[in-house]
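# Report on the structure
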Amino acid sequence: MCRHIAYLGKSVSLADLLIAPAFGLFRQSWAPRQQQYGTINADGFGVGWYAGDDEVPARYRRAVPIWADRSFADVARVSRSRCILAAVRSATETMAPDESAAAPFSSGPWLFSHNGRVNGWPGSVEHLAASLPASRLLEMEAPVDSALLWALVLDLLERGEEPGNALGQAAADASAAAGGRYNFLLTDGHQIAATACGDTLFWRAGPDGVAVASEPLDDGPGWHSVPANTILTAAGGEVALRPLPAPRKDSA
Ligand code: GLN
């Protein structure tokens, strides 16, 4: 399983959020503390962030381990943002190995990450995929379960679902259809939505902002564990939790 993080708050450098913390995402790439599936996260990484007034985020993704990319350390030192979503990847067997399969996935203002796996890929998703217009499948960035899940979430968003509901519904439907693990992160630069569905998830809110992450970045106070099968939403300094919905009837 990968590790991922979303942050919303005062402007910080990518390095201060991702590299500097004692147990931050950088270190989680080789020494995660709470990872239950897989050991290290060396199959690529990705960072998405919003610069200035631009509503469309920048993305930096690579197929190499985050620690092996010296250029990233330099870019991270001088790039600042009020909203960042990043992931380090441990590829599920048989999934695409290149950078196009690394989170975050994006469309317009959205950034999306999936920590988990769809069981029985790809046969198990025939039914889920059939519920999508062919154009969405052709737009998938890579032949990887996470990209299909992003297509499902984006479809729900474009039908007007609120971000937390879109993630929750996609997680519930995919769980019912295929089994697997569905920890999602989603942001549009103004709010964060997340699901805890099969793996660990934590959040911490303070005067500077809110972080939602697979595991705590440090041993400081204020980290809360999100219960299983929960949707988390964060905006305007407030964090709210609610249970996942039931799957839609035709998804099983
Ligand atoms: N299944 C996804 C992939 O192969 C996510 C992997 C993960 O969470 N480790 O990239």
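Each remark here, short or long, concerns the structure printed above.
Given the structure is predicted, the values throughout are model-derived calculations rather than measurements.

### Focus: the sheet that holds strand β4 (residues 80-88)
Strands sit in the order β3-β2-β4-β1-β10-β9-β11 across an open sheet of seven strands; the sheet is antiparallel. A single partner strand is all that each edge strand has here, and the edge strands are β3 (58-62) and β11 (224-225). As paired strands, strand β1 (residues 3-13) and strand β10 (residues 209-213) are joined by five bridges and run antiparallel to one another. Among the inter-strand pairings, L8 is bridged to a residue of β10, identified as V210.

### Digging into the environment of H127
For H127, the position within the fold is in helix α4 (residues 126-130). Looking at H127, the relative accessible area reads 44%, which means it is partly exposed. Each C-alpha atom, one on H127 and one on A102, is 24 Å from the other, the two residues being 25 residues apart in sequence.

### Structural notes on the packing of helix α6 (residues 145-158) against helix α7 (residues 163-178)
Remark: α6 packs on α7, axes separated minimally by 9 Å, with the N-to-C direction vectors making an angle of 135 degrees. The angle between α6 and α7 places the two elements in the oblique class. Viewed along their axes, α6 and α7 form a crossing whose handedness is right-handed. Contacts between α6 and α7 pair L149, V153, L156 and L157 from the former with P163, A166, L167, Q169, A170 and A174 from the latter. Counted by class, the contact of α6 with α7 contains nine nonpolar, one polar and no charged residues.

### Section: the pattern of salt bridges
Per the stated rule, a full pass over the model turns up 15 salt bridges. Residue D173 pairs with R248 through a salt bridge whose shortest N-O separation is 2.6 Å. Of the two residues, D173 sits in helix α7 while R248 sits in the segment after β13 (238-243), which places them 75 residues apart along the sequence. The network of salt bridges with common partners includes R136, D155, E158 and R159.

### Regarding the site of the ligand
Contacts to the ligand come from 13 residues, most closely from C2, R89, S90, T92 and G116. N115 is positioned with one of its side-chain polar atoms (N or O) 3.4 Å from an oxygen atom of the ligand. Contact between the ligand and G116: an oxygen atom at 2.7 Å from a main-chain N or O atom of the residue. Among the secondary structure elements, those contributing two or more residues to the shell around the ligand are β6 (110-118) and α6. Tallying contributions element by element places β6 first for the shell around the ligand, with three residues. Considering only residue class, the shell around the ligand consists of five nonpolar, six polar and two charged.

Each value, and the rule that gives it
- Residues numbered from 1 in each chain as written.
- Predicted model: local features only at pLDDT ≥ 70, side-chain atom pairs only at ≥ 80, totals over all residues.
- Heavy atoms only, no water.
- Pairing = 2+ DSSP bridges.
- Helix = DSSP H or I, 4+ residues; strand = E, 2+ residues; numbered from the N terminus.
- Buried < 20%, exposed > 50% of the residue type's maximum accessible area, 1.4 Å probe, protein only.
- Axes fitted to C-alpha atoms, helices over the stretch in contact; angles between N-to-C directions.
- Parallel < 35°, antiparallel > 145°, perpendicular 65-115°, else oblique.
- Left-handed = near helix turned anticlockwise from the far one by under 90°.
- Contact = heavy atoms within 4.5 Å.
- Nonpolar A, V, L, I, M, F, W, Y, C, P; charged D, E, K, R; others polar.
- Salt bridge = Lys/Arg side-chain N within 4 Å of Asp/Glu carboxyl O.
- Near = heavy atom within 4 Å.
- Polar contact = N/O pair within 3.5 Å; in protein donor to acceptor, adjacent residues only side chain to side chain.

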